[in-house]
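Structure assessment
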Amino acid sequence: MSTVSENLQPVVEDEITIEVTINGSPRSGRAEPRLLLADFLRQQLGLTGTHLGCEHGVCGACTVLIDGEPVRSCLMFAIQARGADITTVEGLDDDGELHPVQQAFHAKHGLQCGFCTPGMVLTCKALLDHNPTPSEPEIRDFLSGNICRCTGYVGIVESVKEAAAAGRGVSPAAPASTTTER
Amino acid sequence: MKPASFKYACPTSVQEAVGLLQHFGDDAKVLAGGQSLVPMMNGRLAQPDVLIDINQIAELRVLEVNGGLRIGAGVRQRTALESPDVQRVVPVIAEALRHVGHVGIRARGTVGGSIAHADPAAELPTIMLALDATMTVTGAGGQRTVPAEEFFRGVFTTAVEYDELLTGVHVAVPGPASRSAFVEVSRRRGDFALVGAAVSLELIDGAARRVRIALSGVADRPVLAHRAQEFLEGRDPHDPVVREEAGRLAAADLDPASDIHAPGSYRKKVSAVLVKRALSNAVNGE
């Protein structure tokens, strides 16, 4: 670090230690200023569930939640995330039990190759945390920044509906007589 | 697709940010939400020596209604979009913000960042031009204000000097007679617009007054459709024939560039349609 003048903040040039909270646990790693948050997660912390597709903010695959908000981790530097509360796809399950959103993607064929899926499920979680009963246009609008090249999105939209219904304790796909089973 | 090395500063006040800008001069770039700058850095289209990250400056995150709507440059686009103040006082800003990227972009992208980036196709510069907004720019010598018409100077170019920071935007509170609308055409949801149109006017005894029509995507900056504005003054925008002529006049003087997304001739045609549509939305959606 170097100081420009006495009354200015130090300027960071070299690697520094970055401390963050990831999936509820404190983690730290080294990063020079130019290290993207996505690369910090993957390379420094070994959290390779965050996928990098386009690396310029178009595809949404690298989406993580920062303080609950869906954010493209390829458009943020790790140094900017100091002190942030980050959720990655590794943090969704509960002791090996899939998160309801993950379960819904499994049940409704919300993925094929799976590359876009971490970003999809995290964006979907952010949507349902914000709006537990989204309409189909709202689902499509919220997910419009996440590109999938396999599914044609039909299964993904169904998955989000399923996850929303599961959150309400009903299954939209099941006949009326079995809706109380869950 | 990895950025080149840079030095990083993270000031916590505007004064400090301006001090850094003065010190580093043209070698420094301001990092706001990073949704335009970081893609350019990843592709090495931008290689600033120093990044001045303004995300920790709390005074830039103020959004208030106080003799007008004032949005601090650091307010996130999503915050502005969901702000009850914005939706109540100047809802057309929210209408425009809905078209800015996607939720993940708006969660980081800032109002000031989009205005200072000055992409000719971007929504916020266009709506601010239509609303006759005033930008507040802060430098070592203090603050100055710049009307939107003088603020946008060309592609990615504004009136902000290298040692100044855009700190906020101010929009007058529209009166009860005000009508406004924002519409655009884009290839896909969340893409930059091929063309966008923003309209703001007052409707007094069925006649349009103080008409402002701004278009994006048709020149090197957002532009006002002067002839269409003059034509509409005193005329009834409820009349489809009036709207048709306003659209024709708005497009007549344009000479948009062609690119891989659309030829200029298409953009010109769409401009006329969007001006008609924005006028219709503004006065029929009441």
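Residues numbered from 1 in each chain as written. Chains lettered and ligands numbered in written order. Predicted model: local features only at pLDDT ≥ 70, side-chain atom pairs only at ≥ 80, totals over all residues. Heavy atoms only, no water.

All names here are of chain A. As assigned here, chain A comprises domain 1 (2-91) and domain 2 (100-171). If you average the C-alpha positions of domain 1 and of domain 2, the two centres end up 25 Å apart. Each partner contributes to the roughly 1100 Å² buried at the junction of domain 1 and domain 2, and carbon and sulfur atoms together form 66% of this total. Among the residues domain 1 hides against domain 2, the three largest losses belong to His51, Leu65 and Val89. Together they make up 39% of the total. Viewed at the interface, domain 2 and domain 1 are joined by zero salt bridges. At the junction of domain 1 and domain 2, the tally comes to four residue pairs in polar contact (both at pLDDT 80 or more). Of all the secondary-structure elements, those providing two or more residues to the side of domain 1 that touches domain 2 are strand S5 (63-66) and strand S6 (69-72). (Domains from an automatic or database assignment. Buried area = accessible area lost by both parts, 1.4 Å probe. Salt bridge = Lys/Arg side-chain N within 4 Å of Asp/Glu carboxyl O. Polar contact = N/O pair within 3.5 Å; in protein donor to acceptor, adjacent residues only side chain to side chain. Helix = DSSP H or I, 4+ residues; strand = E, 2+ residues; numbered from the N terminus.)

It is worth spelling out the packing of helix H11 (residues 240-252) of chain B against helix H12 (residues 264-284) of chain B at this point. Residues and elements named next belong to chain B. Relative to each other, H11 and H12 sit at 140 degrees, their axes nearing to 8 Å. Between H11 and H12, the crossing angle belongs to the class labelled oblique. Regarding H11 and H12, the two cross each other, and that crossing is right-handed. Where H11 approaches H12, its residues Arg243, Glu244, Ala246, Gly247, Arg248, Ala250, Ala251 and Ala252 are matched on the opposing element by Lys268, Ser271, Ala272, Val275, Lys276, Leu279, Ser280, Val283 and Asn284. A breakdown of the residues in the contact of H11 with H12 according to their chemical character gives eight nonpolar, four polar and five charged. (Axes fitted to C-alpha atoms, helices over the stretch in contact; angles between N-to-C directions. Parallel < 35°, antiparallel > 145°, perpendicular 65-115°, else oblique. Left-handed = near helix turned anticlockwise from the far one by under 90°. Contact = heavy atoms within 4.5 Å. Nonpolar A, V, L, I, M, F, W, Y, C, P; charged D, E, K, R; others polar.)

With that out of the way, let us pick up the sheet that holds strand S7 (residues 85-87) of chain A. Residue and element names in this part refer to chain A. With mixed pairing, five strands are arranged side by side in an open sheet as S4-S3-S7-S5-S6. Across the chains shown, the open sheet's two edge strands, defined by having one partner strand only, are strand S4 (25-31) and S6. Between one strand axis and the next, the sheet turns by 45 degrees as a mean value, whatever way the strands run. In this sheet, S7 lies alongside strand S3 (residues 16-22) in parallel orientation, the contact comprising two bridges. Considered in S7, the bridge of threonine 21 is made with aspartate 85. Sheet strands in contact with helix H1 (residues 37-44) are S3, S4, S5 and S7, and its direction is about 100 degrees off that of S4. Contacting S5, S6 and S7, helix H3 (residues 117-130) runs over the sheet at an angle of about 35 degrees to S5. (Pairing = 2+ DSSP bridges.)

All names here are of chain B. Strand order in the open sheet formed by five strands is S4-S5-S10-S6-S7, with antiparallel pairing between adjacent strands. The sheet is open, and its two borders are formed by strand S4 (63-65) and strand S7 (142-147), each paired with just one other strand. Shown here is a sheet whose adjacent strand axes are inclined to one another by a mean of 20 degrees, direction ignored. Set on the sheet, helix H1 (residues 14-24) makes contact with strand S6 (134-139) and strand S10 (165-171); between it and S10 the angle comes to about 130 degrees.

Next up on the list: H3 of chain A. Residues and elements named next belong to chain A. The terminal C-alpha atoms of H3, which comprises 14 residues, lie 20 Å apart, in line with the 20 Å expected from a rise of 1.5 Å per residue. With twelve of its 14 residues buried, H3 lies for the most part within the structure. Those residues of H3 that sit buried are Thr117, Pro118, Gly119, Met120, Val121, Leu122, Thr123, Cys124, Lys125, Ala126, Leu127 and Leu128. Its buried side turned inward, H3 meets S5, S6, S7, helix H2 (100-107), helix H4 (136-142) and helix H5 (154-168). (Expected span 1.5 Å × (residues − 1). Buried < 20%, exposed > 50% of the residue type's maximum accessible area, 1.4 Å probe, protein only.)

Each full turn of the α-helix corresponds to 3.6 residues, which orients residues three or four apart in the same direction. Residue and element names in this part refer to chain A. Its 15 residues give H5 an end-to-end C-alpha distance of 21 Å, which sits within 8% of 21 Å, the value for a rise of 1.5 Å per residue. On its buried side, H5 packs onto H2, H3 and H4. One or two residues past the end of H5 sits glycine 169, with phi positive at roughly 85 degrees.

Okay, the domain arrangement of chain B next. Residue and element names in this part refer to chain B. On domain assignment, one finds that chain B holds domain 1 (7-53), domain 2 (59-171) and domain 3 (185-284). Domain 2 and domain 3 are separated by 21 Å when their C-alpha centres are compared. Of the residues lining the interface, 21 residues belong to domain 2; the matching set on domain 3 comes to 20 residues. Summing both sides of the interface, domain 2 and domain 3 together bury roughly 1700 Å²; the carbon and sulfur share of this comes to 59%. Counting across the interface, domain 2 meets domain 3 through two salt bridges.

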